[in-house]
Amino acid sequence: MQKLENYIGGKLLAPLSGNYIDNYDPSRGKVYSLIPRSAKEDVQLAYEAAETAFKTWSTTPASERGRIMQTIADLIQERLDELAEAESLDNGKPLKLASHVDIPRASQNFSFFATGIQHFSSESHNSENAINFTLRKPIGVVGCISPWNLPLYLFTWKIAPALAAGNCVVAKPSEVTPMTAYLLSKLCIEAGLPPGVLNIVHGLGHECGNEIVSHPKIKAISFTGGTSTGAHIAKIAAPMFKKLSLELGGKNPTLVFADCDFEDTVSQVVRASFANQGQICLCGSRILIEESIYDKFKEAFLEKVRKTKVGAPNDPTVHMGALVSKDHMEKVISYIELAKEEGGVILHGGNRVNVEGEFAEGYYLEPTVIEGLDQNCRTNTEEIFGPVVTLQKFKSEEKALQLANATEYGLATSVWTTNIKRSQRLAQQLDFGIVWINCWLLRDLRTPFGGMKNSGVGREGGWEALKFFTEPTNVCIKL
Ligand code: NAD
């Protein structure tokens, strides 16, 4: 069975303990490779390699750092098919999605920051008696920890700005989906990334991840994952005054008004509900519909959901593949049971899907639509992170706003209306880091990305990310 390796100091290495964890193919429910179960010693080795590399990488001209990063971007693009197959196998997502979204975006993350760093400038402040300018220096060795839902996409979204800004990185992908991060280490070697600039250690969150967060000399942590993990990380990092970027969970509302562009809205809301099996932090899981079109919208929505095909990720005709793991599937099913106990009516789905042949043991679930629950129940307040949405109706814009904001989370929302004044009013009042108007998951990599409330602290993307990964020093010169 294939054994993945850590990438430390430019070399592919076995974990020092010799221990491994099983890696599952969720589409077949079978172990297909082994992941290093890295511990404190591996993290320390990675830290030392990064610390050594920092001396030269931090003073390497931005243009040269950009050139190497662009080579990595090109190699990802060249190996798109291989990487997309690996991502789909590891995660259970449709191959089509991995080839059209995940892997192209991983390449773009590298090329975006490879060029971005060459346009990055710092501030200067003039006054009558002094001129101040800001030096933006790389921080040093930083830690990047990412989740399983968009594995290479989110892993590179952190690593690329960190490297572009001149930092060296100790990174850990999710132990649930480690394969493309492992393949990336090989591409970094091929691209000539100097040893130690990027180190990838594989392992469990509470072991290897915890060691990265607790390491006294790793000065910043960029984390994407669950809210409770984020809170745990913040507790460890705060007394050490580490810089922290936390991109956490969500319970995102989708606001559908009677004046929406109906056909387009129905199609896009289905996508926003079930893309990647509903396992995107930005998916809209609470659909709020204006009462006057509630029945019409519900019927049109259900008609499209009924046509959503669930099946083997390598089947080009499927819309949804397998959920990422047995544990996660069971968690999602337990929420469907909870919804029933809370009085919810299942309008569609709610059951496992049996896919024939070699995929019979895979973790497939129907897209599930529930109505009849109010905003205060657990189904409507806790993050499920699967193919489950609820429908609620509202009578007025004020009520829609109140329902939308009635959550501890504040990541993303989408508003469907042709009334531009309404859309602007709502954008001002919705407590979310991202407000999409008549679109969903339309991304411009320059924009601030992240959430408020329990959805996190800080923003990624564009200059925000480069500012996070640099330490400002103000220099004041008396005139
Ligand atoms: P998770 O919090 O379980 O794990 C995320 C990463 O953290 C993994 O690499 C894991 O190994 C590591 N980890 C776990 N415990 C740790 C610890 N004690 N110390 C250090 N690292 C630790 O999350 P997940 O289940 O992989 O991902 C799903 C969650 O991620 C959902 O809540 C989803 O909303 C969120 N998410 C947020 C965004 C965003 O941009 N806001 C994007 C994608 C996913």
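Note that the structure is predicted; figures quoted are calculated from it, not measured. For every chain, the first residue of the written sequence is number 1, and numbering continues from 1 along that sequence. For this predicted model, a pLDDT threshold of at least 70 governs which residues receive local features, and a threshold of 80 or more governs which side-chain atom pairs are given and counted, while totals over whole chains, interfaces and linings are taken from all residues. As a rule here, side-chain values cover all heavy atoms of the structure and leave hydrogens and water aside.

## Side note on the site of the ligand
- Working definition: residue near molecule or strand if any one of its non-hydrogen atoms lies within 4 Å of it. Around the ligand, the structure places 30 residues, and the nearest of them are Lys172, Glu175, Thr229, Leu248 and Glu383.
- In this structure, Glu175 approaches the ligand through a side-chain N or O atom, which is 2.6 Å from an oxygen atom.
- Take Glu383: an N or O atom from its side chain is 2.6 Å from an oxygen atom of the ligand.
- Residue exposure ignores everything except the shown protein chains as possible cover, and the areas themselves are Shrake-Rupley values with a 1.4 Å probe. Notes on the ligand: free accessible area 840 Å², of which the protein chains cover 89%.
- Secondary structure elements with two or more residues in the shell around the ligand: helix H7 (205–214), strand S11 (220–224) and helix H8 (227–237).
- Each helix is a run of H or I in the DSSP string that is no shorter than four residues. Each strand is a run of E no shorter than two, and both are numbered from the N terminus. The element best represented in the shell around the ligand is H7, accounting for five residues. For this analysis, a polar contact is any N or O atom pair within 3.5 Å, provided that within protein one partner can donate a hydrogen and the other can accept it, and provided that sequence-adjacent residues contribute only side-chain to side-chain pairs.

## Regarding the sheet that holds strand S5 (residues 30–36)
- By this definition, two strands are paired if DSSP reports at least two bridges between them. Reading across the sheet, the three strands line up as S1-S5-S4 and stay open at both edges, with mixed pairing between neighbours. The open sheet terminates on both sides in strands that have one partner only, identified here as strand S1 (2–3) and strand S4 (20–25).
- Sheet topology places S4 next to S5; six bridges connect them, and they run antiparallel. The partner of Tyr20 across the bridge, within S5, is Pro36.
- In what follows, residue pairs with any heavy atoms lying within 4.5 Å of each other are defined as contacts. Angles shown run from 0 to 180 degrees and are taken between the N-to-C directions of axes, each axis being a line fitted to C-alpha atoms and, for helices, limited to the stretch in contact. The sheet contacts of helix H3 (residues 80–91) involve S4 and S5, and relative to S4 the element is tilted by about 100°.

## Observations regarding the packing of H7 against H8
- In contact at an axis separation of 9 Å, H7 and H8 are set at 35° when each is read in the N-to-C sense. Judged by the sense of rotation from one axis to the other, the crossing of H7 with H8 is right-handed. Of H8, the residues touching H7 (which contributes Asn210, Val213 and Ser214) are His232, Ile233 and Ile236.
- Classifying every residue of the contact of H7 with H8 by side-chain character gives three nonpolar, three polar and no charged. Crossing chirality is assigned from the near helix's rotation relative to the far helix, an anticlockwise turn below a right angle marking it left-handed and a clockwise turn marking it right-handed. For this scheme, ten residues count as nonpolar: Ala, Val, Leu, Ile, Met, Phe, Trp, Tyr, Cys and Pro. Four count as charged, namely Asp, Glu, Lys and Arg, and the remainder, Gly too, count as polar.

## Regarding helix H2 (residues 62–78)
- Multiplying 1.5 Å by the helix residue count minus one yields the expected span of that helix. Counted at 1.5 Å a residue, the expected span for H2 with its 17 residues is 24 Å, and the 24 Å between its end C-alpha atoms agrees.
- Any residue under 20% of the maximum accessible area for its type is buried, any over 50% is exposed, and the rest in between are partly exposed; the area is computed with a 1.4 Å probe on protein chains only. When we look at burial in H2, the residues that qualify are Arg65, Gly66, Ile68, Met69, Ile72, Ala73, Leu75 and Ile76.
- Buried positions along H2 lie against helix H1 (40–57), H3, helix H4 (95–116), helix H5 (151–164) and helix H6 (179–191).

## A look at the sheet that holds strand S6 (residues 124–126)
- Read from one edge to the other, the open sheet built from three strands follows the order S6-S7-S23, with strand pairing classed as antiparallel. Both outer strands of the open sheet, S6 and strand S23 (470–478), are each paired with one neighbouring strand and no more. Within this sheet the neighbouring strands show an average axis-to-axis angle of 15°, counted without direction.
- Of the pairings in the sheet, the one linking strand S7 (residues 130–138) to S23 comprises nine bridges and is antiparallel in character. Note on S23: the bridge partner recorded for Leu135 is Thr473.

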